[in-house]
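# Structural characterization, general
Single-letter residue listing:
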Amino acid sequence: MNKNILIILTGGTISMKAKGSMGVVPSSELAGLLREFPQLASVANIDVFEYMNLPSPYITPQMMLELARLIDLKIIDYDGVVITHGTDTLEETAYLCDLVLTTRKPVVFTAAMRSGSDIGLDGPRNIVGAVRVASHHDSADRGVLVVMNDEIHTARDVVKSDTGKVDAFRSIGYGPLGSVDPDTIVYHRSALYRENVWTDRLDTNIDLIKAVAGMDGKYILSSIDSGARAIVIEAFGRGNLPRDILPEIKQALAQGILVVISSRTYTGRVLSEYGYEGGGKHLEDLGCILAGDLKGVKVRLKLMALFGKYNDPDLVKRFFLQSRN
Ligand code: ASP
C-alpha cells in the first residue's frame, strides 16, 4: 500500500526558472507540477504544502526552527515528510531540524543544483528519490536525511562541496548512508553517532570566525563587543591558531563567552595535541572547548540550540562536551 507523504516547499533553485535578463528567479510552478507528476503518484500518496518560496541565503536560524515546528506538527498525519530547499544553506536547515525534531518517521530534504530552465535538470529526479526514501520502511529512525543525486546522506555529515555540479552534496568524511537505485533503496551503513537538542528556542548570538594565516584578534573583539555568547573559530588542522589572537581569546573567556574550536579542514577531529602557544592543547588548557569533528557552521547552530535551551554558559559547555564525538 502506498505511503502518505507530505512535500513541504521552501524555495531554492528547485523552485526557480530563468526569466530573460532577470536571471534565475523564484517561480510558482513547482507545486502544480508535483501534484500532477506521474512518477510521484506511483510511489506515494502526495500532498504538497507551499510553505514559502525563498532563495536559501535568505533563511535564518529562526526560520529553520519554525520549519522544524511545522514538520513536527504536520508529520503526525503522514508517514514521512520531504522538504525542498535551496542548496546554499540546506545543510544548515537539515542539521538544525535533525537536532530539534523528536519524530522517528522519515524527514528528507532535497533540492536541485539546476533550475527548471536548465538542460538536464536534477530537481524532478531528486524529488522522486526523496519521496521514495521517505516512503521506505528502512528510512525510519535514521535522523534527518538529505537525498541528492541518488545518494542518501545524514544531515550532520553532508556538505555542499561544489558550486554547480549535480553531485555537489557529499558526506566527505564518512560517505553516504545509502543509494537510491531504480529498483529499491539500499542502505550501506548506519549513522552510529547521533545528537539531539530538544528545544523550542534558539539564542542566535553565536558567531563563527575562520582562521587565516596572519590573522589578528579584531573579529573576536568585534564579537565580544556585539554581545556574543559563544564564538566558534574554524582553526587550522587539529585545532591550532596563531598566537596573535590569544589576548582576545583570553578576554572573551574572562568575560564568560564560550570559545569553541572546530577545524577549517574538510574532515577529522580537533584534538588537544599541540602544546605550543595557540596549539589545540594550549587552547583547551586556557578554557576553550574542542568541537570534535563537527564543522563550524553546524557547531554554531548547535550552540544556538543549547543556549536557547539552557541559557547558561556552564550548562551549555557541559552538554556540548558530553555530546561531542
Ligand atoms: N541560490 C540557490 C538557493 O540556495 C541555490 C540552490 O538552490 O541550488 O536558494
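Residues numbered from 1 in each chain as written. Predicted model: local features only at pLDDT ≥ 70, side-chain atom pairs only at ≥ 80, totals over all residues. Heavy atoms only, no water.

A few words on the nonpolar core. Membership of the largest hydrophobic core comes to 52 residues, with the highest contact counts inside it found for Ile71, Phe109 and Leu303. What leucine 303 contacts, discounting residues up to four positions off in sequence, is Ile206, Ala230, Val232, Val260, Val316 and Phe320. Counting residues in hydrophobic clusters, the runner-up holds 27 residues, among them Ile7, Ala31, Ala44 and Val82. (Core = buried A, V, L, I, M, F, W, Y, C linked by side-chain atoms within 4.5 Å. Buried < 20%, exposed > 50% of the residue type's maximum accessible area, 1.4 Å probe, protein only. Contact = heavy atoms within 4.5 Å.)

If you check helix α9 (residues 296–310), its first and last C-alpha atoms are 21 Å apart, about what 15 residues at 1.5 Å a residue would give, namely 21 Å. Taking burial as the measure, the 15 residues of α9 include 11 buried ones, the bulk of the element. For α9, every residue scored as buried is listed here: Gly296, Lys298, Val299, Leu301, Lys302, Leu303, Met304, Ala305, Leu306, Phe307 and Gly308. For α9, the secondary structure elements touched by its buried residues are α3 (61–74), α4 (90–100), β13 (206–210), β14 (230–235), β15 (258–263) and α10 (313–323). Of the residues one or two after α9, asparagine 311 is the one with positive phi, at around 50°. (Helix = DSSP H or I, 4+ residues; strand = E, 2+ residues; numbered from the N terminus. Expected span 1.5 Å × (residues − 1).)

On to the site of the ligand. Near the ligand, the surroundings consist of Gly12, Thr13, Met16, Pro55, Ser56, Pro57, Gly86, Thr87, Asp88 and Ala112. Here an oxygen atom of the ligand sits 2.9 Å away from a polar atom, N or O, in the main chain of threonine 13. Serine 56 places a polar side-chain atom, nitrogen or oxygen, 2.5 Å from an oxygen atom of the ligand. When the free accessible area of the ligand is taken as 260 Å², the share hidden by the protein chains comes to 86%. (Near = heavy atom within 4 Å. Polar contact = N/O pair within 3.5 Å; in protein donor to acceptor, adjacent residues only side chain to side chain. Areas by Shrake-Rupley, 256 points an atom, 1.4 Å probe, with all protein chains shown as cover.)

Time to look at the environment of isoleucine 289. Position of isoleucine 289 relative to the elements: it lies in strand β16 (residues 289–290). On the basis of relative accessible area, isoleucine 289 is assigned to the buried category, the value being 2%. Residues isoleucine 289 and isoleucine 224 lie 65 residues apart in sequence; the distance between their C-alpha atoms is 17 Å.

The next subject is the packing of helix α6 (residues 218–225) against helix α7 (residues 246–254). Taken N-terminus to C-terminus, the directions of α6 and α7 make an angle of 20°; their axes are 8 Å apart at the nearest point. As the angle between them shows, α6 and α7 are arranged roughly parallel. Here α6 runs over α7; the crossing is left-handed. Facing Ile220, Leu221 and Ile224 of α6, the residues of α7 in contact are Glu248, Ile249, Gln251 and Ala252. (Axes fitted to C-alpha atoms, helices over the stretch in contact; angles between N-to-C directions. Parallel < 35°, antiparallel > 145°, perpendicular 65-115°, else oblique. Left-handed = near helix turned anticlockwise from the far one by under 90°.)

Glancing now at the pattern of salt bridges. Summed over all chains, the structure comprises 17 salt bridges. One salt bridge connects arginine 156 with aspartate 157, and the closest N-O pair in it is separated by 3.8 Å. Take arginine 156 and aspartate 157: they sit in the same class, and that class is buried. The salt bridge partner of arginine 170 is aspartate 167, with a shortest N-O separation of 2.9 Å. Since its relative accessible area comes to 39%, arginine 170 is described here as partly exposed. Note on aspartate 167: relative accessible area 29%, which makes it partly exposed. (Salt bridge = Lys/Arg side-chain N within 4 Å of Asp/Glu carboxyl O.)

The subject of this paragraph is α7. The set of residues buried in α7 consists of Leu246, Glu248, Ile249, Ala252 and Leu253. Take α7 and look down its axis: the buried residues cluster within an arc of 160°, on one side only. Exposed and oriented more than 90 degrees from the buried face of α7 are Pro247 and Ala254. The inward-facing, buried residues of α7 abut α6, β14, β15 and α8 (280–286). Taken from the residues just after α7, glycine 256 is the one with a positive phi, measuring 80°. (Arc of directions from axis to C-beta.)

Two faces belong to every sheet, and in a regular strand the side chains alternate between them. Along β14, 6 of the 6 residues are buried, which leaves the element largely enclosed by surrounding structure. Along β14, one buried face is formed by Ala230, Val232 and Glu234 and the opposite face, lined by Ile231, Ile233 and Ala235, is buried too. For β13 and β14, the ladder comprises 5 bridges, and the chain directions are parallel. By the bridge assignment for β14, isoleucine 209 is matched with isoleucine 233. For the segment spanning β13, α6 and β14, crossover handedness is right-handed. Relative to β15, β14 runs parallel, the two sharing 6 bridges. Counterpart to alanine 235 in the pairing with β15 is serine 263. (Pairing = 2+ DSSP bridges. Right-handed = clockwise from strand over helix to strand, strands pointing away.)

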